[in-house]
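# Survey of secondary and tertiary structure
Read off the chains here:
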Amino acid sequence: MKKQARRRNKAEVHTPVRRVLLDFITVLAGSAIVALVFNTFLLPNQIASGGVSGISTLFVTLFGFEPAFTQWAFNIPLFVAGILLLGGSLRGSILYGSKTLAGTLFLPFIVYVTRDVPPATTDPLLAAIVGGVGVGVGLGFVFRSNSSTGGTDLAAQIINKYAGLSLGACVFVIDGLVVVSSAFIFGLEFALYALIALFTTGKTIDIVQVGFGYSKMVIIISKYEEEVKQGLLTKVDRGVTKLAGFGGYTNHDQPVLMCVVGRNEVTKLKQLVQTIDPHAFVIVSDTSEVLGEGFKAK
């Protein structure tokens, strides 16, 4: 583990300065988007969609605390706890830790600076949808820079390490407690709005990170794999990977062809395979991101 940490730190030293600066700018920009959306959509409409920002929304109503101060009060101790308890995750990665600290401090700062910006809407449903998208865009930028805004993300990592729960389950429990609390404070209807915002945020983060360019991965098992392979290479104009397979029923070697195509090419591929071998076994599945020649640049 120590050798891995040293190799990781050594690699970070050689990270291009331009890339590091771009990552920090992206983290700050994403944090600013989340903060502005929080002040203009979520907070005015009492939508506590999980995380430290959701907790700060609850504390405004319960105690009258300034949201930015609440967020600092949670984020800073959690960051320190993360350094002490998650040494391999934060201390072991200087860049990740410093970018996370930047997001942890900057997001509440923008929340405080923009606290007097008027609400963009007073419709809770509209606020939940647009606010969820906005938070998802901001967090997506932060995550693309291999960083975090701290808060409950770090709390989830700590629980994951010491309680044995999966990271996804930890995040779900923490966000779920915030949403359930909002049902008692603001009412069930506003808790449902918070769930809509939380769901929208998750989907938007996925889109920001992998884009809209969903492709299809096709697995083909055919007695005429050579003819199918040549057809894919020449008529569909896509690369093919030939995998070694073994029939569980026939107990014979059976090569398997794997090909990735765009959504608009699936019909052409199926028609080609059907023409060559009507009895071919074809599996078509979604793949959210493909890097390489003919697809997305690395």
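Residues numbered from 1 in each chain as written. Predicted model: local features only at pLDDT ≥ 70, side-chain atom pairs only at ≥ 80, totals over all residues. Heavy atoms only, no water.

Short version of the rule: UniProt positions are given in the numbering used here, feature names are shortened, and annotations may be inferred rather than shown by experiment.
In the annotation of an unreviewed UniProt entry, the chain is listed under the name YitT family protein and assigned to Paenalkalicoccus suaedae. The Subcellular location (unreviewed entry) comment attached to the chain in UniProt states, word for word, "Cell membrane".

## Description of the UniProt feature "transmembrane region" (unreviewed entry) in the chain
Definition in use: Helix and strand assignments follow DSSP, with helices taken as H or I runs no shorter than four residues and strands as E runs no shorter than two, numbered in order from the N terminus.
The UniProt entry lists residues 20-41, 72-90, 96-113, 125-143 and 163-196 under the feature "transmembrane region" (unreviewed entry), expressed in the numbering used here. Structurally, residues 96-113 comprises 100% helix and 0% strand, and the distance from its first C-alpha atom to its last is 26 Å.

## Here's the deal with the pattern of salt bridges
This is how the line gets drawn: A pairing counts as a salt bridge when a side-chain nitrogen of Lys or Arg comes within 4 Å of a carboxyl oxygen of Asp or Glu. Relative accessibility thresholds used throughout: buried, under 20% of the residue-type maximum; exposed, over 50%; partly exposed, between the two (1.4 Å probe, protein chains only).
Considering all chains together, one arrives at six salt bridges under this definition. A salt bridge links Glu226 to Lys229; its shortest N-O distance comes to 3.2 Å. Taken together, the residues span about one helical turn, with Glu226 and Lys229 both in helix 10 (residues 225-236) at a distance of three residues. Residue class for Glu226 comes out partly exposed when judged on its relative accessible area of 35%. Counted as one network, the salt bridges with shared partners bring together Arg19, Asp23 and Lys99.

## Topic: the nonpolar core
To keep things clear, this is the line we draw: Take the buried Ala, Val, Leu, Ile, Met, Phe, Trp, Tyr and Cys residues and link them wherever side-chain atoms come within 4.5 Å; each set so joined is a nonpolar core. The criterion used for residue contact is that any of the two residues' heavy atoms lie within 4.5 Å.
Counting residues in hydrophobic clusters, the biggest one holds 21 residues, and the most contacted among them are Ile47, Val111 and Val135. For this core, the secondary-structure elements that each account for two or more residues are helix 2 (17-42), helix 5 (94-113), helix 6 (124-144) and helix 9 (188-210). Residue contributions to this core peak at six residues, all from helix 2. Aside from chain neighbours lying at most four places away, what touches Ile47 is Leu42, Thr57, Pro124, Ala127, Ala128, Tyr193, Ala194 and Ala197. By size, the runner-up hydrophobic cluster in this structure holds 13 residues, among which are Ile220, Val228, Leu272 and Val273.

## Focus: the layout of surface pockets
The cut-off we apply is this: Think of a 1 Å grid over the protein atoms and nothing else: a 1.4 Å probe that fits but is trapped marks a cavity, an open set flanked by protein within 12 Å on at least five of seven lines marks a pocket, and residues with an atom within 4 Å of a point count as lining. Grid points are joined across faces, edges and corners, and a volume is the space filled by probe spheres set on the points. As a working rule, the residues Ala, Val, Leu, Ile, Met, Phe, Trp, Tyr, Cys and Pro are called nonpolar, Asp, Glu, Lys and Arg charged, and the rest polar, with Gly in that last group.
In this model, the largest pocket occupies a volume close to 760 Å³. Lining of the largest pocket is provided by 35 residues; of these, Leu139, Phe143, Thr149, Thr152 and Asp153 occupy positions nearest its centre. Of all elements in the fold, only helix 3 (51-63), helix 4 (67-85), helix 5, helix 6, helix 7 (152-163), helix 8 (167-186) and helix 9 reach the threshold of two or more residues within the lining of the largest pocket. The leading source of residues in the lining of the largest pocket is helix 9, at six residues. A per-class count over the lining of the largest pocket returns 13 nonpolar, 19 polar and three charged.

## A closer look at a nonpolar patch on the surface
Our working definition: Only residues above 30% relative accessible area that lack a salt bridge enter a patch, with like-charged residues linked at up to 9 Å and the nonpolar side chains Val, Leu, Ile, Met, Phe, Trp and Tyr linked at up to 5 Å. For every accessible area listed, the method is Shrake-Rupley and the probe measures 1.4 Å; residues are considered covered only by the protein chains on display.
A cluster of nonpolar side chains, contributed by Ile76, Val80, Leu84, Leu85, Leu101, Leu105 and Tyr162, occupies part of the molecular surface with about 610 Å² of accessible area. Considering each element in turn, the nonpolar patch owes the most residues, four residues, to helix 4. As for its placement among the helices and strands, Ile76 is situated in helix 4.

## Quick look at helix 7
Worth spelling out the cut-off: For a helix, the expected span equals 1.5 Å multiplied by the residue count minus one.
Taking 1.5 Å of rise per residue, twelve residues should cover 16 Å, and helix 7 covers 15 Å from first to last C-alpha, within 8% of that figure. Among the residues making up helix 7, those that are buried are Thr152, Leu154, Ala155, Ala156, Gln157 and Ile158. Note on helix 7: the residue one or two positions beyond its end, Gly164, has a positive phi of about 85°.

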